[in-house]
Amino acid sequence: MNKNNIKDYSRKISERMWNLPDKGELESHREETFMDDIIQKSHIERTLLENLEGIDTVFDAGAGCGRFSILLAKQGCHVTHFDISQPMIDKAKELAERAGVMDRITFVKGALEDLSEYPNRSFDMVISFDAPISYTYPNQEHVIGELVRIAKKRMIISVTSRLGSLPLLANPIQKNQFLLNEHSEDPFVQWCVSNRQNAIDTFHFNKSNIEQLMADGVMGGEYEIAEYEKGGAPWCITYAFMPNELEGLLRSFGMKNIKMAGPGAYARTIPHEILVKIMNDSKQRSDFLDVCYKFDSNPYVCGMGKDNLLAKGDL
Ligand SMILES: C[S@@+](CC[C@H](N)C(=O)[O-])C[C@H]1O[C@@H](n2cnc3c(N)ncnc32)[C@H](O)[C@@H]1O
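Rules and cut-offs
- Residues numbered from 1 in each chain as written.
- Predicted model: local features only at pLDDT ≥ 70, side-chain atom pairs only at ≥ 80, totals over all residues.
- Helix = DSSP H or I, 4+ residues; strand = E, 2+ residues; numbered from the N terminus.
- Rg over C-alpha atoms; globule rule 2.2 N^0.38 Å.
- Buried ≥ 20, exposed ≤ 12 C-beta atoms within 10 Å, placed from the backbone.
- Axes fitted to C-alpha atoms, helices over the stretch in contact; angles between N-to-C directions.
- Parallel < 35°, antiparallel > 145°, perpendicular 65-115°, else oblique.
- Left-handed = near helix turned anticlockwise from the far one by under 90°.
- Contact = placed C-beta atoms within 7 Å.
- Nonpolar A, V, L, I, M, F, W, Y, C, P; charged D, E, K, R; others polar.
- Near = placed C-beta within 6 Å.
- Pairing = 2+ DSSP bridges.
- Core = buried A, V, L, I, M, F, W, Y, C linked by C-beta atoms within 7 Å.

Student: For this particular structure, what's the right way to read the overall build of the protein?
Tutor: Along the backbone of the protein there are 14 helices and nine strands. The C-alpha atoms of the protein give a radius of gyration of 19 Å, which matches the 20 Å a tight globule of 315 residues would have. In terms of principal-axis extent, the alpha carbons of the protein reach across some 55 × 50 × 40 Å. Looking at the protein as a whole, 41% of its 315 residues are labelled buried.

Next up, the structure:
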């Protein structure tokens, strides 16, 4: 399968998967059930709030159900909430309405692969969190270039991390480490709990899969395409970046003062029982999130963040 064929599949698979009827609803509850999501969201929120000086207009690329577009609108920014999926946009509208910020958000349905309608330097800040850029494989470099082009002052993004994802291939129960409440009714939580033993029993360390991801950074492809052809909505074809690769790309497109971070690196070292203890005590939780933010912002740990790699820089 050559990259030109994947080009179209990648967008179509993303669209179909994110269009699943309950996807927006599930996404909007993630922080109630998974501690790694709480930590990542907290890291991104802190980064955003520390970088708002002089920012009025924001483009949120792959904005989902509005976790960050709504936060920024609440801060007074005028946000363009851009996403490929109408159900995600509809959920975001519902949440924006509830937050009383509809007048500061413009919702646009579109694919990141085509941002030609936006002139150069259209937005003070461009953001894209939790990997939308990685889902545009094999166009991820073009998309980053276009996002930099429409940014005037700053860009902050998080993409799938290659070094962060490689250990997951040797750990089929990695999500269990981060379950906050094993009794939650969330179907994904239930699946993690009920499938735990089976995942261990059937696990087989596959060196060639790991070496393949290490070499080309591509997750999925042939399998996802076959599932899509059968009418399914498989996980998106995903490109996982190396930290130095992402930094080099951003620099080549003209970004300055680039800072990299690996949200989740600190938490990754802590066993489930201890994480649950910390997160269920409000003082410990708040102290812990402070420490995670500081530790995970150190560029030397960014490869060992969890599945996302974060980068920010100025234009
Ligand atoms: C994991 S969600 C992240 C949502 C949001 N940024 C957040 O952090 O809450 C990924 C989002 O990217 C969107 N997406 C995926 N591929 C896209 C594409 N090619 N163009 C625009 N949006 C895309 C999906 O519809 C989904 O809402």
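Student: Explain the packing of helix α4 (residues 67-74) against helix α5 (residues 86-99) here, please?
Tutor: The axes of two packed helices give the description: the angle between them and the distance between them. Two elements in contact, α4 and α5, have axes whose closest approach is 10 Å; the angle formed by their N-to-C orientations is 25°. In terms of orientation, α4 lies roughly parallel with respect to α5. For the pair α4 and α5, the crossing hand works out as right-handed. Contacts between α4 and α5 involve S69, I70, A73 and K74 from the first element and A92, L95, A96 and A99 from the second. Across the contact of α4 with α5, the residue classes break down as six nonpolar, one polar and one charged.

Student: Explain the site of the ligand to me, please; I cannot follow it from the model alone.
Tutor: In the vicinity of the ligand there are 21 residues, among which W18, G62, G64, D130 and P132 approach most closely. For the shell around the ligand, the secondary structure elements donating two or more residues are α1 (3-18) and α4. Residue contributions to the shell around the ligand peak at three residues, all from α1. Within the shell around the ligand, the residues separate by chemical class into 11 nonpolar, five polar and five charged.

Student: When you look at the sheet that holds strand β4 (residues 123-128) in this model, what are you seeing that I'm missing?
Tutor: Picture the strands of a sheet paired through backbone hydrogen bonds; they go either parallel or antiparallel. Strands sit in the order β3-β2-β1-β4-β5-β9-β8 across an open sheet of seven strands; the sheet is mixed. Looking at which strands have only one partner, the edges of the open sheet turn out to be β3 (105-109) and β8 (256-261). Across the sheet, the mean angle from the axis of one strand to that of its neighbour is 15°, orientation sign disregarded. One ladder, built from five bridges, connects β4 with strand β5 (residues 151-160); its direction is parallel. Bridge assignment links I127 to a residue of β5, and that residue is I156. The strands touched by helix α3 (residues 35-50) are β5, β8 and β9 (308-314); relative to β9, the strand with the most contacts, the crossing angle is about 0°. Packing of helix α12 (residues 243-252) onto the sheet brings it into contact with β5, β8 and β9, and relative to β9 it is tilted by some 25°.

Student: Just to check I follow, could you spell out the nonpolar core for this structure?
Tutor: Looking at soluble globular proteins, one finds that nonpolar side chains tend to be buried together. In terms of nonpolar packing, the biggest core is built from 59 residues, with V58, A73, V126, I127, L147, M155 and L309 touching the most fellow members. Sorting elements by how many residues they give to this core places β5 first, with five residues. In contact with I127, other than residues within four places in its own chain, are V58, D60, A61, F68, I156 and I157. Within the second largest apolar cluster, 15 residues are counted, among which are F34, M35, F178 and A265.

Student: I would appreciate a short explanation of the packing of α3 against helix α14 (residues 282-296) in the present structure.
Tutor: Packing of α3 against α14 leaves a shortest axis separation of 10 Å and a crossing angle of 70°. The orientation of α3 with respect to α14, classified from their angle, is roughly perpendicular. Seen from α3, the contacting residues are I39, S42, H43 and R46; seen from α14, they are L289, C292, Y293 and D296. When the residues that make up the contact of α3 with α14 are grouped by side-chain class, the tally is four nonpolar, two polar and two charged.

Student: Before we go on, may I ask you to explain the pairing of β9 in this structure?
Tutor: Within a regular strand, side chains alternate between the sheet's two faces. With six of its seven residues buried, β9 lies for the most part within the structure. Taken together, the four bridges between β8 and β9 define a ladder with antiparallel strand orientation. Within β9, the position partnered with K256 by the bridge is D314.

Student: For this particular structure, what's the right way to read α4?
Tutor: Buried residues dominate α4, accounting for six of its eight residues. Those residues of α4 that sit buried are R67, F68, S69, I70, L72 and A73. Looking at the buried positions of α4, the neighbouring elements they touch are α3, β1 (57-61), β2 (78-83), α5, β3 and β4. Residue G76 follows α4 closely and has a positive phi angle near 100°.

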